[in-house]
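Given next are the chains, with one letter for each unit.
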There are 2 protein chains.
Amino acid sequence: MDIKIDPIQMHLLEEVSGLHEIPAGAYNIRANGKGIARNSSANIDIIPKDNGTGIDIKIKPGTKHESVHIPVVLSEAGLTEVVYNDFYIGEGADVTIVAGCGIHNGGKKNSQHDGIHRFYIGENARVRYVEKHYGSGEGTGERIMNPQTIVEIGKNGYMEMDTAQIKGVDSTKRLTKAKLAEGATFTVMERLMTHGKQYAESEFEVDLDGDDSGAHIVSRSVAKDSSSQIFISKIHGNAKCSGHSECDAIIVGDAKISAIPEITADCSDASLIHEAAIGKIAGEQIIKLMTLGLTEEEAEEQIINGFLK
Amino acid sequence: MDIKIDPIQMHLLEEVSGLHEIPAGAYNIRANGKGIARNSSANIDIIPKDNGTGIDIKIKPGTKHESVHIPVVLSEAGLTEVVYNDFYIGEGADVTIVAGCGIHNGGKKNSQHDGIHRFYIGENARVRYVEKHYGSGEGTGERIMNPQTIVEIGKNGYMEMDTAQIKGVDSTKRLTKAKLAEGATFTVMERLMTHGKQYAESEFEVDLDGDDSGAHIVSRSVAKDSSSQIFISKIHGNAKCSGHSECDAIIVGDAKISAIPEITADCSDASLIHEAAIGKIAGEQIIKLMTLGLTEEEAEEQIINGFLK
């Protein structure tokens, strides 16, 4: 397949999906509002929706060790799009899905991508979902991303979500919702970094509906300069289940961070825990690294990199 | 002074304030909507408000090791009252204030006491505030208490609040608000127990406005039967401060518990932590006590008593 992709788009693709070339397996690459490359595999069908609002990804039961890449890049200023992608993961499948969005804005108008991803995960299926968000460009227009991840996990199913907002996203409202059946597991590792005047809001809503279901949400964030962040998580224990949410945030400069977690037990066999901590980097940590020869800025950067892994 | 008090009122008084006789020091005893006994001391003035809505308690600067008792009892069904008590604690004072409300309802109508307590704590003053709530009586009318504690703590001031809802309160909405100046400290130990169809809501709102101010809020609660509880706490770090809130809750039977804590850092030098855990008593703990000869119910009761101290 002949794909037209310019150097800026290629850089965005690398940042959000680690892709240097066309990936193996199934993929769909969307650039400036249009699908520019698509590949289905024997077990994974990628089908554009009839109404043009996104794609359906259908993964056959039992599909093992395959991957789907669906990166989105926007390099044209002023583009605004809402995309609906639906994933149907068959029973017993075990797959990796790599999504991500990169926006380069060199203009005055805002660029915005709202990706709504819905996952229907079959019994005993396992999904590793990796999502990265990245912005670049010297334009005054904002780079806006509002990802939604809506998940239903069937009996004994498993989803692991690894999501990162690396840098350059001016405004984001992230919503992640999950409903878990018996024995299902949902784990999330979120990493967020904001700087300048950026704003980030991340909300999780998890319903532990089935016995022996479990959720484990970890959010790590760094807010620099005069950026602001809000973390909201709601875990509802409606059965014999376990839920854990943890929000650790580092403030640098004049940034503001708020954490509002909620745990609700509607069943006496629910076991729910939340932890949150907000603070700046401990002075001793910085001094320790400075005695090893780093400047204060380098020490701070090294600690932050370690924190966000 | 000659005080008319019946055995039911005496029992309520004992439960909420540990009083078996008229206390030493300053006191004001309110029964069925009226002040029935009052005593000021050399350093502590208790003055009824002109409009009859409550009392002003004025504690002279430097007053040390004195106490104020202001229990309230309601033994008449169908009484509803809102009382405003204001405490002015002079600089450098060190006092203990014991409040508390006991309602005995033997009738069909609801009995309700809403006590709004405002504290103005001077520089370097220390206050230990003890508050107990208790209900009794076989009537179908509800026993309702909505206490509010509104606190302003001056420079290097200190307040320790020990609040307990022992049993028998059908519905409660508790609100505790505190504003802390430089170097001020606010610590809270809340213990709540609900049973039957009782409802309890407890909300904390703390503004850490001054450098080196600190708040430490611990809430322990047990919800039995089909009772329900909501715990809300909001800690705002607006300066170089430290804030910690902790909510531990045990569910027994069909009870429901929700914890919604919020920590917000508006200053990069704020250090805020929240922890919450909801669950039932671990099976092993019960079994361990049962091997020592206790029945399951006795084991459960012993664990709960230990948890609520």
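From a predicted model like this one, the values you see are computed outputs, not experimental measurements. Positions within a chain are numbered from 1, following the residues in the order the chain's sequence is written. Key to labels: chains lettered from A, ligands numbered from 1, both in the order written. In view of the model being predicted, local features appear only for residues whose pLDDT reaches at least 70, and side-chain atom pairs are presented and counted only at 80 or more, with totals across whole chains, interfaces and linings using the full set of residues. Working from all heavy atoms in the structure, the side-chain values ignore hydrogens and water.

### A word on unusual backbone geometry
Argument step 1. A positive phi angle, close to 50 degrees, is found at D225(A), a residue other than glycine.
Argument step 2. Secondary structure counts use DSSP, requiring at least four H or I residues in a row for a helix and at least two E residues in a row for a strand, with both numbered from the N terminus. Tracing the sequence through the fold places D225(A) in the loop between β16 (213–223) and β17 (228–237).
Argument step 3. For every residue, the accessible area (1.4 Å probe, protein chains only) is compared with the maximum for its type, and the residue is labelled buried under 20%, exposed over 50%, or partly exposed between those bounds. Residue classification places D225(A) among the partly exposed positions, given a relative accessible area of 40%.
Argument step 4. At N32(B), a residue that is not glycine, the phi angle is positive and equals roughly 45 degrees.
Argument step 5. According to the relative accessible area criterion, N32(B) is buried, its value standing at 17%.

### What to know about the layout of surface pockets
All names here are of chain A.
Argument step 1. The way it works is a 1 Å grid over only the protein atoms, where trapped points that fit a 1.4 Å probe form a cavity and open points with protein on both sides within 12 Å along at least five of seven lines form a pocket, and then any residue with an atom within 4 Å of a point lines it. Grid points are joined across faces, edges and corners, and a volume is the space filled by probe spheres set on the points. Considered as a void within the structure, the largest pocket measures approximately 320 Å³ in volume.
Argument step 2. Taken together, 15 residues line the largest pocket, and the ones lying closest to its centre are Q165, I166, M193, N305 and L308.
Argument step 3. Of all the secondary structure elements, the ones that give two or more residues to the lining of the largest pocket are β12 (158–167), β14 (185–194) and α3 (296–307).
Argument step 4. A total of four residues in the lining of the largest pocket trace back to one element, the largest contributor, which is β12.
Argument step 5. Each residue is assigned to one of three groups, with Ala, Val, Leu, Ile, Met, Phe, Trp, Tyr, Cys and Pro labelled nonpolar, Asp, Glu, Lys and Arg labelled charged, and all others, Gly among them, labelled polar. Grouping the constituent residues of the lining of the largest pocket by class yields six nonpolar, three polar and six charged.

### Considerations on the relation of the copies chain A and chain B
For the pair of chain copies, the relating transformation is a rotation about an axis with a translation along it.
Argument step 1. Relative to chain B, chain A is turned by 180 degrees and slid 0.0 Å along the rotation axis, the superposed coordinates differing by an RMSD of 0.0 Å. Here the transformation between the copies is reduced to the relation of a two-fold axis. The rotation axis passes nearest to the C-alpha of E275(A) in chain A, at a distance of 2.2 Å.
Argument step 2. Mapped onto chain B, 100% of the interface residues of chain A again fall at the interface, so both copies present the same surface. To superpose the copies, least squares is applied to the C-alpha atoms of every residue with a pLDDT of at least 70 in both. Here, residues are in contact when the closest pair of their heavy atoms is within 4.5 Å.

### Details of the pairing of strand β3 (residues 44–48) of chain A
Side-chain positions along a regular strand alternate between the two faces of the sheet.
Argument step 1. In terms of strand pairing, β3(A) meets strand β4 (residues 55–59) of chain A through five bridges, oriented antiparallel. Each residue of the ladder has a partner; that of D45(A), found in β4(A), is K58(A). At least two bridges found by DSSP between two strands are what make those strands a pair.

### Examining the interface of chain A and chain B
Argument step 1. Listed as interface residues are 28 residues of chain A and, on the opposing side, 28 residues of chain B.
Argument step 2. For the pairing of chain A and chain B, the buried interface totals around 2,100 Å² over both sides, and the portion due to carbon and sulfur atoms is 48%.
Argument step 3. Broken down residue by residue, the surface that chain A buries against chain B is led by I263(A), S268(A) and I278(A), which jointly contribute 23%.
Argument step 4. Salt bridges are defined by distance alone: a side-chain nitrogen of Lys or Arg within 4 Å of a carboxyl oxygen of Asp or Glu. Between chain A and chain B we count three salt bridges in total.
Argument step 5. Between D266(A) and K256(B) there is a salt bridge, with the nearest N and O atoms lying 4.0 Å from each other.
Argument step 6. Whenever a nitrogen or oxygen atom comes within 3.5 Å of another N or O atom, the pair is scored as a polar contact, on the condition that within protein one atom can donate a hydrogen and the other can accept it, and that pairs from neighbouring residues in sequence are kept only if both atoms are in side chains. At the boundary of chain A with chain B, the tally comes to 14 residue pairs in polar contact (both at pLDDT 80 or more).
Argument step 7. The dominant element in the side of chain A that touches chain B, judged by the number of residues it contributes, is strand β19 (residues 256–265) of chain A, at 10 residues. Defined here as a combined quantity, buried area equals the accessible surface (1.4 Å probe) lost by two parts on assembly, summed across both.

### Remarks on the nonpolar core
One broad trend across soluble globular proteins is that nonpolar side chains are buried collectively.
Argument step 1. Counting 98 residues, the largest nonpolar core has I89(A), I97(A), F186(A), I89(B), I97(B) and F186(B) as its most contacted members.
Argument step 2. Non-local contacts of I89(A), meaning those with residues more than four positions away in its chain, are made with I59(A), I97(A), F119(A), Y120(A), I121(A), G122(A), A125(A) and V127(A). In this description, a nonpolar core means a group of buried Ala, Val, Leu, Ile, Met, Phe, Trp, Tyr and Cys residues linked to one another through side-chain atoms lying within 4.5 Å.

### Focus: the environment of S111(B)
Residue and element names in this part refer to chain B.
Argument step 1. With respect to the helices and strands, the residue S111 is situated in strand β8 (residues 111–121).
Argument step 2. Each C-alpha atom, one on S111 and one on L79, is 4.9 Å from the other, the two residues being 32 residues apart in sequence.
Argument step 3. Non-local contacts of S111, meaning those with residues more than four positions away in its chain, are made with L74, E76, A77, G78, L79, I103, N105, E142, R143 and I144.
Argument step 4. At a separation of 3.2 Å, a polar atom in the side chain of S111 contacts the main-chain amide nitrogen of G78.

### Focus on the UniProt feature "domain: SUF system FeS cluster assembly SufBD core" (unreviewed entry) in chain A
Argument step 1. UniProt positions are given in the numbering used here, feature names are shortened, and annotations may be inferred rather than shown by experiment. Sequence positions flagged by UniProt for "domain: SUF system FeS cluster assembly SufBD core" (unreviewed entry) are, in local numbering, residues 89–307 of chain A.
Argument step 2. Span residues 89–307 of chain A is 10% helix and 61% strand, its end C-alpha atoms 33 Å apart.

### Overview of the pairing of strand β6 (residues 80–89) of chain B
Residue and element names in this part refer to chain B.
Argument step 1. In this sheet, β6 lies alongside strand β4 (residues 54–59) in parallel orientation, the contact comprising six bridges. Bridging across to β6, D56 finds its partner in D86.
Argument step 2. In this structure, β6 lies alongside β8, joined through 10 bridges in parallel fashion. Note on β8: the bridge partner recorded for Y88 is Y120.

### Section: the packing of aromatic side chains
Argument step 1. The criterion for an aromatic pair is that two Phe, Tyr or Trp rings (for Trp, the six-membered ring) have centres within 6.5 Å, with stacked assigned to planes under 30 degrees apart, edge-to-face to planes over 60 apart and tilted to the rest. Per the counting criterion, the structure on display carries eight aromatic pairs over all chains.
Argument step 2. Between Y88(B) and Y120(B), the ring centres sit 5.2 Å apart and the planes meet at 15 degrees, which makes this aromatic pair stacked. Placement of Y88(B) in strand β6 and of Y120(B) in strand β8 is noted, with a sequence separation of 32 residues between them.
Argument step 3. Taken together through their ring pairs, the aromatic side chains of F87(A), F119(A) and Y129(A) make up a single cluster.
Argument step 4. Any Lys NZ or Arg CZ found within 6 Å of a ring centre and within 35 degrees of that ring's normal is scored as a charge over the ring. One cation-aromatic arrangement involves K58(A) over Y88(A); the distance from NZ or CZ to the ring centre is 5.8 Å.
Argument step 5. Positioned above the aromatic ring of Y158(B) is the side chain of R126(B), whose terminal nitrogen or guanidinium carbon lies 4.0 Å from the ring centre.

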